[in-house]
Amino acid sequence: MKKCLLLIFFCLSLSDISIIFAQQKENFLISFSGDPDSLYWVLIRDNRRNFIKFLNAIEKEKGNYVAMWDGTDFTGKNVGSGRYSVFISKGINWTIDKSFGIDGRIGLFYKDFYVDSNIGEFKVDGEVASVFVNGVKYTNTGDKIEGETAFVIVDGKIKISQSGVSKGDLVRIMYFYPFLIENPWDLAIAPDGHIFLLLRFLKMDRGFYPGLVVKLKPDGKSKDMNFGVDGEIPDIHRAHQILVAPEDNRIYIAGSEYGNYGTGCYKLDNGAYWFYIGGHKDSGTHPATTWWPTGICIGEGNKIYIGDLKVYDRTKPMLEGYLYSANTDPYIIRPGPSMERSAISDYFYRTGWNTGISKMKDTGSDVVEIYSLKLPFKTIGISCDRKTSLIFAGSRMPEGFVSIIYDDGKSFKELTRLKDPQLGGIHTVRIFNDFLYVIEDGVSFSEDGYCAEEINRKPWTTTGKNRISRYRLHFGKEIFLQTIENR
Amino acid sequence: MKGKAQLVFFLSFFICHLLHCEDKFTLEVRIRNLSDVPSTYSFKVSRCMADFNGYKDWDFLPLLGYASKNGLTAEKPSKELWLLKDQETGWMKMPAYGKVLHIYNESGNSSFCEIDVRVKNKTQEISRSFLWNEKPKTYHIYLYYFPESAKPPVLTLKTSNEFIEETIQYIKTEMKDYPLKKNPKLIAFSTDFGCKEDDEPEWVRKNLLLLKELGLNCFFDTENSLFLSETVKEMGFLYVDHWGLSSWPLNYDGFEKKRREYATTALRSLDTYYRRINRNNVKVVHGDDEISSGSFEEFIALDSQIKNLVVSYFKKMNVPLSDIGVKDYEDIRLIPEGAIPPYREFLKKNNPALFYWLNRARMEYLTDLMAETGKITQKYYPDAFIISPNWPAAGVLGGGYDGHGWDFWLAYSKEGLKGIYGEPTPWYNFYLQGIFSWYADMMRSQVRNGPMGAYITTARGSYPCFLNHFQVYELAARGMEHFHWYSYGGMWGNENYANEIVRDLLREFAIVHREFAEAEDYLYGSKQEKAEVAILWTPAQEIWDPSLHQELVALYLILLHSNYNVDIISSYDVDDGILKNFKVLYMPFAYVERKTFDLIRKWVEKGGNLVVDGGLLKDEYNRPMEIGKSFKDYSVSIKKSADIGSLAHLLRHGLLDEAMDNDSSVRFPVISQKAEMKIPSAAKVLLRYRDSTPAAIEINEGKGRVMITGFLLGVSYQRDEEEKDKPDWSRLHVGHNFSTAIREFATKFVREAGIKRVCNIEKDMVVARKRFKGNKQVITVFDYHFGKRPEELVFPEWENIGETLVWIDIGKTKTVRSVRGDVVKREGSGVWVKFRGMDFILVER
C-alpha cells in the first residue's frame, strides 16, 4: 500500500466533541477534544461501513484526545487503498442480559419461602441441592421422608417433613438452574451461539470426581440433548480450558485427559472423543511432554499452543504432532486457565496465577514473551476480543469485577473496570459478539485474590457462587468524524 | 470368546493327544554376537493353549529366557554377562512348544548377530544359521507348520518373511488352474490377524496380500495398530468389521445409569481418530464377545436393590396380584421371611408365579440393556449391516435363562440390535449331522430373517477342510451373508488355536470364496422358501427346565434329515399370531405360557397339527394344563432318570423303556424321561411301551389333531443312531446311521398335512434349501450320508466323501447349473445332479 502523504488536519465541533484529524508520516493521527477524564474509542470503517480497526484514544492533555492509526486492520494487515471513515465512541458499559437463564444467570440460586397453610410443599425450576429450614439443613432421603430433617422430591415438588416444620418457618431452597452446575471453569461459544460449558469437578469436592462439558442452548435455559450423552461429554477429568474450533469441527479441552495430562480433542457436532494431544511420554523426559496443560489456544495453520508452552500440530494424536517448545522453564510459569488467541498472526495472550497477563509470540521455533502487565489484582481468566484488541480480565477479588485492558501493540493498559455488586470472585470471562460471559466457580477465595489454581497448596472451601452471568456490552454511540483517503 | 475358547481348547487338546499329530520336538538355539558392543537377547515363542506335552497355559507368548555368556538365563543378565564381540552363548535348550521363535534385542543397540537353530523330532532333524543385521527389534523364525490339517507338523526353519512368501506362492500355484476365478464382492468373508507395533511393515503387507490372494474381502479391524488399519485400506479390502459397544458388566444399577454408562463409552470409543480410517465401509459392528449375566440367584439376593425394577415391570405387565400373592406390588418381597438360600428353590416351591415373573423381570431388564447398546451403536454406525453381540450359540445349548443362554428372542424383538452375529462352535455330538443348520435356523428365527453373520470356528486337527466347507454352505442356505474365518493363522499367539498356517485349510478357504463368488448373485439378498413346520421355544421352559435344549436340537435334526423346511418359533411369535403360517407345530418343551397355549389350542381347533413331545404340559407357574377339550380324561406321570445333558454320550443314559409300533418296525429307545399316560378313550394308540401301555397317542381336537409322545422323540432318534454306530467321539468319525423308520414316525403329521419335502427330494438324508431372488433361485443341497451307505462311518475328509446323484425338482426354468458338481440331465420338472458333500444349484426362471 502506498502511504498517503497528504496531511489532513481539521477541527470540528460535534456536540461536545471537537476533533482534529491528521496524518503524520505513515500513520494517521486522529485528535479530538472531549470530556476530560473520559474513555473514548476510535473506530475505522471502510466505505461499506465494515469494521476495520478499533483504537483506544489517549487523553494527551485535559480534554484533548489522540489516537494513531497505522493503516492496518484489526488483524495487523495493511488495508487497501480507498476511503475510510472515522467514528468516535465514548465509554463502555454493561447490563445483565435478562434473556439468558434466570434473569441473566445460570447456576446456583437460592429461593426463600415462608411456610404457610400449604405446609411442606415447594417448587423451584432446576435441580435442588439443599433445603434449609430456619437455617437447619435438611437431607434428601430419596423416596420416603425419613426423620424430622428430611425432604423428598416427588413429581417436581419438594416435600418437607411436616413434623419438623411450622407455619412461619423460613425455608431456603438451594438449587441449580437449569441443571447441576458445580465449579464452572470455562466456556466456549460456537458461532451459532451454543455454549460449551466446562465443569471442572462435581459434588462440591476437590476430589477426583470427574467434571464434564455441557452443551447449552444459546438462551442458557436447557441442554442440547442431541449432543454427546444427554447433552454432555461426561468424565472430563480436571480440565482447565475449553475452546471450540468450528473450522476443524473440534472441541479442545486443556488437561481433560486426566492421568496423562493430555489435551482432549472431541468432535464439535456430536461430542465424540477424537484423540488427545500431548500428555506424558517416557516418564516426562520426552521433550513433547505437556506437564501443565492449564491453558490452550489455537494458532495459525494447524498449530495449537498448550499450557507450559509446547507447540503442536493439532491434527495429530498424542506426541505425533509435536513441533517445538518454549525455552522458558515450564515449571516456573504455570499459565492458565486462559490462553487467548490474538488477532495478529503468531501472537497470543496468557495469564498465570501469579504472573499477570503476557503477550506471547511464536517465532516458528520458540515461543517468547513480548510484554506483560502485572495487575494490582489476581486474574486467572481473560478473554480477548480480537476485533477491538480489548482484553477482558476477571478479577478474583471478593468483590469481583471485569477489567478492560487495551493492547496497543506495544504494551497493555488497563482502561476501566466493569462492576456489578452481585459478582464475587471470577474464574474467567468469555466474550462473544456483544456478550460477555462471567464465570464464577464454586471455590472460595481469600482477601488477596486467592486462586482456585492454588488449591493444591492451600485449604479451600466450596462457597463460591457457581454461576455464569451473561452481560451485554454497550459502547457509546458512534459519531462520524471524517473520511480519509488511503492511497 | 472365553466360553468358546474353553470348548475348543478341550476339544483341540483331546484331539491332538489322541491323534498324536504334534509329536514332541526339541529346540536348541545358539547366538554369536557380531556387533562391537556387548549384547543380550531374549526369547519367546508363540504357542497355543495346549502344547505338545499337554501343558496348558493362558500365556501365549511365554518368555523362555535371555542369552548370556553363561548360556540361557531366566532373568535379564547383568551387563558383564552380555556377549562381547564374537562371543557366543553355546547351545541353549529351550522348551519347544511354540510354532514361532521370537528373538528380541535387549541391548538398546542395533542387532548384528548370528543365530543358529536346530530342531528335531522323531522323523526330522534340521538346523540353520540366520544372520540378523540391522533388522527391527525382533527376529522371527518359524519352527514348524502343518501342510495338511489333522496330520503331524513338519519342522521348518524359515524367517517370517520367507514363510509368508512361500505360503503366498503355494496359494497362487494351487489356484492357478482352479476353474473358478472370481472372488466374492457381495458376500463378505472376513478374518483378523494379530500384528504388533514393531512388526515389520513389509511382513504385515505380505500377510494381507495372502488374505487377498485367498479371496477375503473383509477384515476385522480391531485397531490394535494404526498401520494395520491404514494398510487394510490401502490394499483395497471392500469391507471391515469393528468392535462396537459391550453391555458388560451387566448389573442391576438401573437402566438409566447403565444407559448413560454405555452412551459415555460409545462417545469415547466409537467415533475416534483411529476409527476414521476404515469406518465408512464397516459391515459388522460386534457387541459383546461373551455374554454372561450372572445367575438368577444373585439377582434375587439383591433384594431391595432391585425392587423398583421388579415393581415397575410387574405394573407394566399387569401381573395379577392374586397370582403372586400380594395386595399391592409394593408389598412384594423378593426374599420372603424364613427363606434360606438358594432362594430360587424356595421361590419355585412356595411362590412359583413370583419365581416366573421375577425371571421375566430380570430378562426384560437384561435384554433392554443389550438392545440399548445396539441402539447407541447405530448412532455412530447407521449404515452397518449387522450390529449385534456375538450370539453365544454354544451358550444357548449349555446355558439358559439363568446363565448366558439368554432370551435372545426378547433381545432381538427390541429396537436397537440390527441383524445377528453368531459363534457356531463345532459341537462334536452333532458333528456334521446338521448342527450348523440348526444354529443358522435358530439365529434366523430370532432375528426374523434379518441380516446374519457368523464366526467359522476351526480347531485344527478336527478335519477343518471339509467341516468348514460344509458349514458355510449350511449357513449360507439359511441366509448368512457374512462369514468370519476364526482365526487366521497369524504369527503371534491367540487364545487357543494352534494358530499356525495350515496350508490345506487356506487352500480350502480360497476354493470356498471362489464358489461363493459364483453363487453370490443368487444368494445375496435372497429370501428363504417358507416353512410350514415349526418347533416352539418358550421362556417358560427356559425358566423351569433349560435342560431340554438338547431335545430341541435333536428334534430339529429329525425334521432336517427328513428334508422339510422348518422354523423355530418362540412364544412371542405365537403371541404375535404367527401360527397361521404353519400346519404342524412341535412342542419339545413341557412348559408353555398359558396365554400362548390358549392360542395354540385355538389353532389346533381350526385344523393345526400339534405334537406334544414328552407327554407333559405345564404352564408358566408349573401347573398342569389341559391340552384340549378331548383330553378331559388325560393324565400323566413322569419318571425322570436324568437330564439329557450332552448328546454326545446318550449311550450312557440307561434305557428306561422302548416305544414300539405293532410290528416293532418303529422302535424308539426311551431315555431320560418316560411319561406314563392315562389316555382318553377317543385316543388312538400309535406306540406302546414294552408292557403295552401307551407310549404315543393321537387324538382329534376340533378340526385338528394332537400327537403326544410319552418320551422325547429327538434324543431317542440320536440314541438309536449311537446304538447302531457305537461312535468313538475321540476319533471324529461321524455316524449317520439314523433310523428312517423313527424319522418317518416323528414326521407323520407333516406328511399327512400334505407338506412337501424341499424340492421333492426323496433320497434318504439328502436335504435341500431353496432361496429366491427375483427370477433367480439358489438351491443348496447336502448329503448327510456324504455319498456313503447309512451304516458306514464317515471320516470328514474330502477323500472319504463319496458322490451323490439326486433328482431335484426345480420346476419350470430357463437355465440351471451346479457350482460344485454336475447337472447330469433334466428329467420332468427336475434335474439329476451329481455332487460331493454339498452344492449350490443356480436356477433362472
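In the block above lies the structure referred to throughout.
Source: prediction; values computed, not measured. (Residues numbered from 1 in each chain as written. Chains lettered and ligands numbered in written order. Predicted model: local features only at pLDDT ≥ 70, side-chain atom pairs only at ≥ 80, totals over all residues. Heavy atoms only, no water.)

Asks: Would you mind showing me how to read the interface of chain B and chain A here?
Replies: The extent of an interface is frequently quoted as the accessible surface area lost upon association of the parts. Taken residue by residue, the interface counts 15 residues in chain B and 21 residues in chain A. In this assembly, chain B packs against chain A so that about 1500 Å² is buried in total across both faces, 49% of it on carbon and sulfur atoms. When the buried surface of chain B facing chain A is broken down by residue, Leu 267, Arg 268 and Tyr 273 of chain B rank first, second and third, together holding 44% of it. The interface formed by chain B and chain A includes 5 salt bridges. (Contact = heavy atoms within 4.5 Å. Buried area = accessible area lost by both parts, 1.4 Å probe. Salt bridge = Lys/Arg side-chain N within 4 Å of Asp/Glu carboxyl O.)

Asks: Honestly, the sheet that holds strand S34 (residues 803-809) of chain B in this entry has me stumped. Any pointers?
Replies: Residue and element names in this part refer to chain B. With respect to topology, 3 strands assemble into an open sheet ordered S34-S37-S36, the strand pairing being antiparallel. Each edge of the sheet is formed by a strand with only one pairing partner; in this case those strands are S34 and strand S36 (822-827). When the angles between neighbouring strand axes are averaged without regard to direction, this sheet yields 25°. Here S36 runs beside strand S37 (residues 830-836); their pairing, made up of 5 bridges, is antiparallel. Within S37, the residue paired with Lys 825 across the bridge is Trp 832. (Pairing = 2+ DSSP bridges. Helix = DSSP H or I, 4+ residues; strand = E, 2+ residues; numbered from the N terminus. Axes fitted to C-alpha atoms, helices over the stretch in contact; angles between N-to-C directions.)

Asks: Can you walk me through the pattern of salt bridges in this structure?
Replies: Any two side chains of opposite charge can pair, on the condition that their charged atoms come close. Counted under the stated rule, the structure contains 80 salt bridges over all chains. Between Arg 705 of chain B and Glu 698 of chain B there is a salt bridge, with its nearest N and O atoms 3.2 Å apart. Among the residues examined, Arg 705 of chain B registers a relative accessible area of 16% and is labelled buried. In this structure, the salt-bridge partner of Glu 723 of chain B is Arg 719 of chain B, at a minimum N-O distance of 3.6 Å. On the criterion of helical spacing, the pair formed by Glu 723 of chain B and Arg 719 of chain B is a turn pair, its members being 4 residues apart in helix H20 (residues 713-725). Arg 719 of chain B gets classed as buried once you look at its relative accessible area, which sits at 6%. Each member of the salt-bridge network shares a partner with another, and the members are Lys 223, Asp 230 and Glu 232 of chain A together with Glu 256, Arg 259 and Arg 260 of chain B. (Buried < 20%, exposed > 50% of the residue type's maximum accessible area, 1.4 Å probe, protein only.)

Asks: Can you help me understand the nonpolar core in this one?
Replies: Grouped burial of nonpolar side chains is what soluble globular proteins tend to show. Ranked by internal contacts, the top residues of the largest apolar core, which has 235 residues, are Phe 43, Leu 101, Ile 115, Phe 314 and Phe 516 of chain B. Tallying contributions element by element places helix H10 (residues 352-380) of chain B first for this core, with 14 residues. Discounting residues that sit within four places of it in the chain, Leu 101 of chain B has contacts with Leu 27, Val 29, Phe 43, Lys 44, Val 45, Leu 64, Met 94, Tyr 139, His 140, Ile 141 and Leu 143 of chain B. Core analysis: the next-biggest nonpolar cluster, separate from the first, contains 41 residues, Phe 32, Val 79, Val 86 and Leu 473 of chain A among them. (Core = buried A, V, L, I, M, F, W, Y, C linked by side-chain atoms within 4.5 Å.)

Asks: Honestly, the packing of aromatic side chains in this entry has me stumped. Any pointers?
Replies: The description of an aromatic ring pair uses the distance of the two centres, along with the angle that the planes make with each other. Residue and element names in this part refer to chain B. Under the counting rule described, the total for this entry stands at 70 aromatic pairs over all chains. Centre to centre, the rings of Tyr 473 and Phe 840 are 4.1 Å apart; their planes meet at 20°, and the pair counts as stacked. Of this pair, Tyr 473 sits in helix H14 (residues 464-476) while Phe 840 sits in strand S38 (residues 838-844); the two residues are 367 residues apart in sequence, bridging distant segments of the chain. Just as Tyr 473 is buried, Phe 840 falls in that class too. Through pairs of rings, three or more aromatic residues link up here, namely Phe 189, Tyr 473, Phe 483, Trp 485, Phe 509, Phe 516 and Phe 840. Its end group placed over the ring of Phe 163, Arg 503 keeps NZ or CZ at 4.9 Å from the ring centre. (Phe/Tyr/Trp six-rings, centres within 6.5 Å; stacked < 30°, edge-to-face > 60°. Lys NZ or Arg CZ within 6 Å of the ring centre and 35° of its normal.)

Asks: What am I meant to see in unusual backbone geometry here?
Replies: What you tend to see is this: most non-glycine residues have negative phi, and most peptide bonds are trans. At the junction of Tyr 177 of chain A and Pro 178 of chain A, the peptide bond is cis and its omega measures out at 0° in the coordinates. For Pro 178 of chain A, the location among the structural elements is in the loop between strand S16 (170-177) and strand S17 (184-189). The amide bond that connects Pro 341 of chain B to the next residue, Pro 342 of chain B, takes the cis arrangement and shows omega of -5°. Following the sequence through the fold, Pro 342 of chain B ends up in the loop between helix H8 (321-324) and helix H9 (343-350). Despite not being glycine, Asp 86 of chain B has its phi angle at roughly 70°, a positive value. Mapping Asp 86 of chain B onto the fold places it in the loop between strand S4 (71-73) and strand S5 (92-94).

Asks: What should I look at first to understand the side chain of Ser 89 of chain A in this one?
Replies: Residue and element names in this part refer to chain A. Within the element layout of this structure, Ser 89 appears in strand S8 (residues 82-90). A polar atom in the side chain of Ser 89 sits 2.7 Å from the backbone oxygen of Gly 476. When sequence neighbours within four positions are dropped, the list of residues in contact with Ser 89 reads Leu 39, Tyr 40, Trp 41, Leu 43, Phe 475, Gly 476, Lys 477 and Glu 478. (Polar contact = N/O pair within 3.5 Å; in protein donor to acceptor, adjacent residues only side chain to side chain.)

Asks: Just checking my understanding: could you explain the packing of helix H17 (residues 549-561) of chain B against H20 of chain B for this structure?
Replies: Packed helix pairs are characterised by how far apart their axes lie and by the angle those axes make with each other. All names here are of chain B. It is the contact of H17 with H20, at a shortest axis distance of 7 Å, that shows an interaxial angle of 70°. One finds that H17 runs roughly perpendicular with respect to H20. Touching Glu 551, Ala 554, Leu 555, Leu 557, Ile 558 and His 561 of H17 are Leu 713, Gly 714, Val 715, Tyr 717 and Gln 718, all from H20. Tallied by class, the residues present in the contact of H17 with H20 amount to 7 nonpolar, 3 polar and 1 charged. (Parallel < 35°, antiparallel > 145°, perpendicular 65-115°, else oblique. Nonpolar A, V, L, I, M, F, W, Y, C, P; charged D, E, K, R; others polar.)

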